[in-house]
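What follows is the residue order along each chain.
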Amino acid sequence: MNVSGSMMANNKLPLVQSSLKLLVDQLRPEDKVAIVTYAGSAGVPLESTKGDQKMKIKTAIDELVAGGSTAGAAGIKKAYQIARQNFIKGGNNRIILASDGDFNVGESSNEAMEDLIAKERESGVHLTVLGYGMGNLKDSKMETLANKGHGNYAYIDNISEARKAMITEFGATLFTVAKDVKIQVEFNPAYVQGYRLVGYENRLLEAEDFNNDAKLGGDMGVGHTVTAIYEIIPVGVKSSIIGTVDPLKYQNNDKPNVGSKNGELATVKFRYKDPESDKSQLQQTIVTNVAKPLDAVSEDFRFATAVAEFGMLLRNSDYKQNSSFESLVARAKAAKGKDDEGYRAEFIRLAENSKSILDTEK
């Protein structure tokens, strides 16, 4: 846990403390937890303690104070050391790194921190990274560290997000059921002349990496769902996005395999490893060339399209075409469905507020 001077703000260490107390309430007697802090150096305010000693754990959390520089590497090394010493075979052995990512003492470069965590992950200890605060938050660095450590990353800026990570999505955040998950999609050129993946720019792999078990993928937890949206241009549709290329002079100009009209739009391959294994397993499925009207698909998919459209508008994407706040808000409201925690309602308010801000700036 980062307790350096950069964590003094109310939306940093105080919010970390509140978040961890939510986590403590979920602990079972057979669980164990220790607290490692780092500022100028690493400290251990709480040695490994059974999960039923909740008052002892919460008291240690309350006594944390921020100050000093940020020796992140020292703290992470110490956390892995304690995790290895208390390793439970077949259990969920995990470090939760709570920080703004501002490492500035010792091994603080991106490469040094990544190498450190890549080495430590061989111990079988997973890593969950929780990012706090704004301003100097090193968001991309922390997500990269989570990827290197067979883990996941969540950004927490208020107690509602803390509750989401620590309670509502507790299993997805802290219990890995599949590691190094990779997805590869192959479209049938008989039906699709062009396609693009919406988002996920920092998750792309080379085609040959899909079958390479040495290349890391993402981890998935209990109840975790991942949605990837592709935009396709069907054969026969004219599009200015697809350019033309002159025939190659020095290469084989034979026409590539153009596929066959066999009713298969795409093949989706899914590769993953069991948490305790280093060898991946493969599953695949066929997507048929059957179009459905938008109002005939699931609420989850319709809501996801609204979120994707929102992202393209915020980035002023070259591919936004006829996207609009009005259309995405209307679609999100119609697909809100059961929203016990209010996350979808919060997204709708965010989109409406963004539209108002952008309108005033015109």
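Computed from a predicted model, the values in this text were never measured in an experiment.

Cut-off values and rules
- Every chain begins its residue count from 1, and numbering advances along the sequence as written.
- In view of the model being predicted, local features appear only for residues whose pLDDT reaches at least 70, and side-chain atom pairs are presented and counted only at 80 or more, with totals across whole chains, interfaces and linings using the full set of residues.
- Side-chain calculation: all heavy atoms of the structure are included, whereas hydrogens and water are not.
- Going along the chain from the N terminus, every DSSP run of H or I of four or more residues is numbered as a helix, and every run of E of two or more is numbered as a strand.
- Categorising residues by exposure relies on relative accessible area from a 1.4 Å probe, with only protein chains included: less than 20% of the type maximum marks a residue as buried, more than 50% marks it as exposed, and the intermediate range marks it as partly exposed.
- In short, Shrake-Rupley with a 1.4 Å probe defines the accessible areas, and a residue's cover is counted only from the protein chains shown.
- A residue counts as positive if it is Lys or Arg and as negative if it is Asp or Glu; His and the chain ends are not included.
- By convention, the charge on Lys lies at NZ, on Arg at CZ, on Asp at CG and on Glu at CD.
- Two N or O atoms form a polar contact when they lie within 3.5 Å of each other; inside protein one atom must be a possible hydrogen donor and the other a possible acceptor, and for residues adjacent in sequence the pair counts only when both atoms belong to side chains.
- Only one rule defines a salt bridge in this text: a Lys or Arg side-chain nitrogen within 4 Å of an Asp or Glu carboxyl oxygen.
- In these notes, a set of buried Ala, Val, Leu, Ile, Met, Phe, Trp, Tyr and Cys residues joined through side-chain atoms within 4.5 Å is what counts as a nonpolar core.
- Throughout, a residue-residue contact means that at least one pair of heavy atoms, one from each residue, lies within 4.5 Å.
- Helix axes are fitted only over the stretch in contact, all axes being lines through C-alpha atoms; the angle between N-to-C directions runs from 0 to 180 degrees.
- Crossing chirality is assigned from the near helix's rotation relative to the far helix, an anticlockwise turn below a right angle marking it left-handed and a clockwise turn marking it right-handed.
- Amino acids outside the nonpolar list (Ala, Val, Leu, Ile, Met, Phe, Trp, Tyr, Cys, Pro) and the charged list (Asp, Glu, Lys, Arg) are all regarded as polar, and Gly is one of them.
- Each pair of strands is called paired provided DSSP finds at least two bridges between the two strands.
- Helix span, as expected, comes to 1.5 Å for every residue beyond the first.
- For Phe, Tyr and Trp, where Trp contributes only its six-membered ring, two rings pair if their centres lie within 6.5 Å, and the inter-plane angle classes them as stacked under 30 degrees, edge-to-face over 60, or tilted in between.
- Any Lys NZ or Arg CZ that is within 6 Å of a ring centre and within 35 degrees of that ring's normal is treated as a charge sitting over the ring.

*Asks:* Can you help me understand the overall build of the protein in this one?
*Replies:* A count of helical and extended segments in the protein gives 10 helices and 11 strands. Projecting the C-alpha coordinates of the protein onto the three principal axes gives extents of approximately 65 × 50 × 40 Å. Going through the 362 residues of the protein one by one, you find that 39% of them count as buried. Put simply, the protein shows about 20500 Å² of open surface, and 51% of that area lies on carbon and sulfur atoms. Side chains of the protein give 45 positive and 48 negative charges; the mean places of these two sets differ by 2 Å.

*Asks:* Sorry if this is basic, but what is going on with the side chain of Q17 here?
*Replies:* As for its position among the elements, Q17 is in helix 1 (residues 13-24). A distance of 3.3 Å separates a polar side-chain atom of Q17 from the backbone oxygen of L64.

*Asks:* I keep staring at the pattern of salt bridges and nothing clicks. Help me out?
*Replies:* When charged atoms on two side chains of opposite charge get close, those side chains can pair. For the coordinates displayed, the defined rule picks out 19 salt bridges. For the salt bridge of D62 with K21, the shortest nitrogen-to-oxygen distance reads 2.4 Å. Taken as a pair, D62 in helix 2 (residues 54-62) and K21 in helix 1 lie far apart in primary sequence, 41 residues in all. Residue K355 pairs with D359 through a salt bridge whose shortest N-O separation is 2.7 Å. With K355 and D359 both in helix 10 (residues 343-361) and 4 residues apart, the pair spans about one turn of that helix. On the basis of relative accessible area, D359 is assigned to the partly exposed category, the value being 34%. One network of salt bridges, in which partners are shared, links R28, E30 and D31.

*Asks:* Just checking my understanding: could you explain the nonpolar core for this structure?
*Replies:* As a rule of thumb, nonpolar side chains are buried together in soluble globular proteins. By size, the foremost hydrophobic cluster in this structure holds 27 residues, and its most contacted members are M1, V16, L20, Y132 and I156. No other element matches the 7 residues that helix 1 contributes to this core. Discounting chain neighbours no more than four positions away, the residues touching M1 are L13, V16, L20, I35, V36, T37, Y38, L64 and A98. If you look at the next biggest cluster of nonpolar residues, it comprises 19 residues, including Y38, L97, M142 and A146.

*Asks:* Would you take a moment to explain the packing of helix 1 against helix 6 (residues 159-168) for this structure?
*Replies:* Describing two packed helices takes the angle between their axes plus the distance from one axis to the other. For the pair helix 1 and helix 6, the least separation of the axes is 9 Å and the interaxial angle reads 30°. In this structure, the crossing between helix 1 and helix 6 has a hand that is right-handed. Touching L15, S18, S19, L20, L22 and L23 of helix 1 are I159, A162, R163, M166 and I167, all from helix 6. Looking at the contact of helix 1 with helix 6 residue by residue, the class counts come to 8 nonpolar, 2 polar and 1 charged.

*Asks:* Can you walk me through the sheet that holds strand 10 (residues 264-273) in this structure?
*Replies:* Within a sheet, each strand pairs with its neighbour through backbone hydrogen bonds, oriented either parallel or antiparallel. Taken in spatial order, the 4 strands make up an open sheet running 8-6-10-11, and their pairing is antiparallel. In this open sheet, the two edge strands, each paired with only one partner strand, are strand 8 (218-221) and strand 11 (281-288). Across the sheet, the axes of successive neighbouring strands diverge by a mean angle of 35°, strand direction being ignored. Strand direction decides the pairing type here: strand 6 (residues 176-187) and strand 10, joined by 7 bridges, are antiparallel. Bridge pairing links F187 to A266 in strand 10.

*Asks:* Explain helix 10 here, please?
*Replies:* An α-helix turns once per 3.6 residues; consequently, residues spaced three or four apart project the same way. With 19 residues, helix 10 extends 27 Å from end C-alpha to end C-alpha; this agrees with the ideal 27 Å at 1.5 Å per step. Taken together, the buried positions of helix 10 are occupied by Y343, R344, A345, F347, I348, A351 and S354. Buried residues along helix 10 sit against helix 6, helix 8 (299-314) and helix 9 (325-334).

*Asks:* It is not clear to me how the side chain of R344 should be interpreted in this structure. Could you clarify?
*Replies:* Along the polypeptide, R344 turns up in helix 10. Those residues within four positions of R344 in sequence are excluded, and the remaining contacts are E299, D300, F303, A335, K336 and D339.

*Asks:* When you look at helix 8 in this model, what are you seeing that I'm missing?
*Replies:* Taking 1.5 Å per residue as the helical rise, helix 8 with its 16 residues ought to reach 22 Å, and the 23 Å between its terminal C-alpha atoms agrees with that figure. Those residues of helix 8 that fall on the buried side of the exposure criterion are R302, F303, A304, T305, A306, A308, E309, F310, M312 and L313. For helix 8, the elements touching its buried residues are strand 7 (192-197), helix 9 and helix 10. Once helix 8 ends, the next one or two residues include N316, with phi positive near 50°.

*Asks:* Could you clarify how one ought to interpret the packing of aromatic side chains in this entry?
*Replies:* Aromatic rings considered in pairs are described by the distance between their centres and by the relative angle of their planes. Tallying each qualifying case throughout the model produces 8 aromatic pairs. Aromatic side chains F310 and F325 sit 6.1 Å apart centroid to centroid with 70° between the ring planes, which places their arrangement in the edge-to-face category. Pair noted here: F310 is in helix 8 and F325 is in helix 9, with a separation of 15 residues, a long-range link. Judged on exposure class, the residue F310 and its partner F325 are both buried. Positioned above the aromatic ring of Y343 is the side chain of K164, whose terminal nitrogen or guanidinium carbon lies 4.9 Å from the ring centre. Seen from the ring of F303, R344 lies directly overhead, with NZ or CZ sitting 4.6 Å from the centre.

*Asks:* I would appreciate a short explanation of the sheet that holds strand 4 (residues 126-132) in the present structure.
*Replies:* Taken together, the 3 strands give an open sheet; going across it, the order is 3-4-5, and neighbouring strands pair in parallel fashion. Where the open sheet ends on each side, the last strands, each with one partner, are strand 3 (94-99) and strand 5 (152-156). Strand-to-strand, the axes of this sheet are offset by a mean angle of 20°, without reference to chain direction. Where strand 3 lies against strand 4, 6 bridges are found, and the strand directions are parallel.

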